[in-house]
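# Structural characterization, general
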Amino acid sequence: MQIHVSTDRNLEGQEGLTRHVEASLKAGLARFREGITSIEVRLSDENAAKSGNADKRCVIEARPAGRNPVAVSDNRATIEEAVEGATRKLRRLLDSAQGRSNDHKGGASIRMDEDIE
């Protein structure tokens, strides 16, 4: 799983921030590691020098193998919180997509189980 992190010009500490984001994503999405080919993360400070409550934004786009890319975003007071929030959203989205792909017509169900009589 390749992770690419980009930031806007308003954020500082890009090297340490990139390591933090990569570690957070690897830990938060560990069980999806085999099914995701790449992840692109875009971090931004929407208000630049001005202060605000939810002005830090994290957008994560994941490319699951054999499927269309999916994207989530989260706005919070700090970049770390935005990354954690977007990671949680992506994990739920991937869980949901994986569940839908496993739950299809002709799949196992109580009505099709031959052992139950």
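Residues numbered from 1 in each chain as written. Predicted model: local features only at pLDDT ≥ 70, side-chain atom pairs only at ≥ 80, totals over all residues. Heavy atoms only, no water.

Residues at a pLDDT of 70 or more form 79% of the protein, whose mean pLDDT is 82. Per-element confidence in the protein ranges from a low mean pLDDT of 84 for helix α2 (residues 79–102) to a high of 95 for strand β4 (residues 70–76). (pLDDT = per-residue confidence, 0-100. Helix = DSSP H or I, 4+ residues; strand = E, 2+ residues; numbered from the N terminus.)

Attention now moves to the pattern of salt bridges. Two side chains bearing opposite charge may form a pair once their charged atoms approach each other closely. Applying the stated rule across the entire model yields nine salt bridges. Taking the shortest distance from any N to any O, the salt bridge between Arg76 and Asp74 comes out at 2.8 Å. Residue classification places Arg76 among the partly exposed residues on the basis of a relative accessible area of 31%. Using a relative accessible area of 6% as the deciding quantity, one classes Asp74 as buried. One salt-bridge network, held together by shared partners, links Asp45, Asp55 and Lys56. (Salt bridge = Lys/Arg side-chain N within 4 Å of Asp/Glu carboxyl O. Buried < 20%, exposed > 50% of the residue type's maximum accessible area, 1.4 Å probe, protein only.)

Attention now moves to the pairing of strand β3 (residues 56–64). Counting buried residues in β3 gives seven out of nine residues, a clear majority hidden from the surface. Where strand β2 (residues 36–45) and β3 come together, nine bridges link them in antiparallel fashion. Its bridge partner lying in β3, Asp45 is registered against Lys56. Note that β3 and β4 share seven bridges and pair antiparallel. Along β4, the bridge assignment pairs Val59 with Ser73. Here β3 hands over to β4 after five residues, with Gly66 in that stretch at a positive phi of 75 degrees. (Pairing = 2+ DSSP bridges.)

Moving on, we come to helix α1 (residues 14–28). The end-to-end C-alpha separation of α1 is 21 Å, in line with the 21 Å expected for 15 residues at 1.5 Å each. For α1, every residue scored as buried is listed here: Leu17, Val21, Ser24, Leu25 and Gly28. Buried residues in α1, looked at end-on, bunch into an arc of 95 degrees, giving them a common side. Of the residues in α1, the exposed ones pointing more than 90 degrees away from the buried face are Glu15, Arg19 and Ala27. (Expected span 1.5 Å × (residues − 1). Arc of directions from axis to C-beta.)

The next thing to look at is the sheet that holds β2. Pairing in this open sheet of four strands is mixed, and the strands run β1-β2-β3-β4 from one edge to the other. The sheet terminates laterally at β1 (2–7) and β4, the two strands that pair on one side only. Pairs of neighbouring strands in the sheet enclose a mean axial angle of 15 degrees, with direction left out of account. Sheet strands in contact with α1 are β1, β2 and β3, and its direction is about 140 degrees off that of β1. (Axes fitted to C-alpha atoms, helices over the stretch in contact; angles between N-to-C directions. Contact = heavy atoms within 4.5 Å.)

Note that Ala62 resides in strand β3. Relative accessible area serves as the criterion here: at 0%, Ala62 is assigned to the buried category. When the C-alpha atoms of Ala62 and Val72 are compared, they prove to be 8.8 Å apart, with 10 residues separating the residues in sequence.

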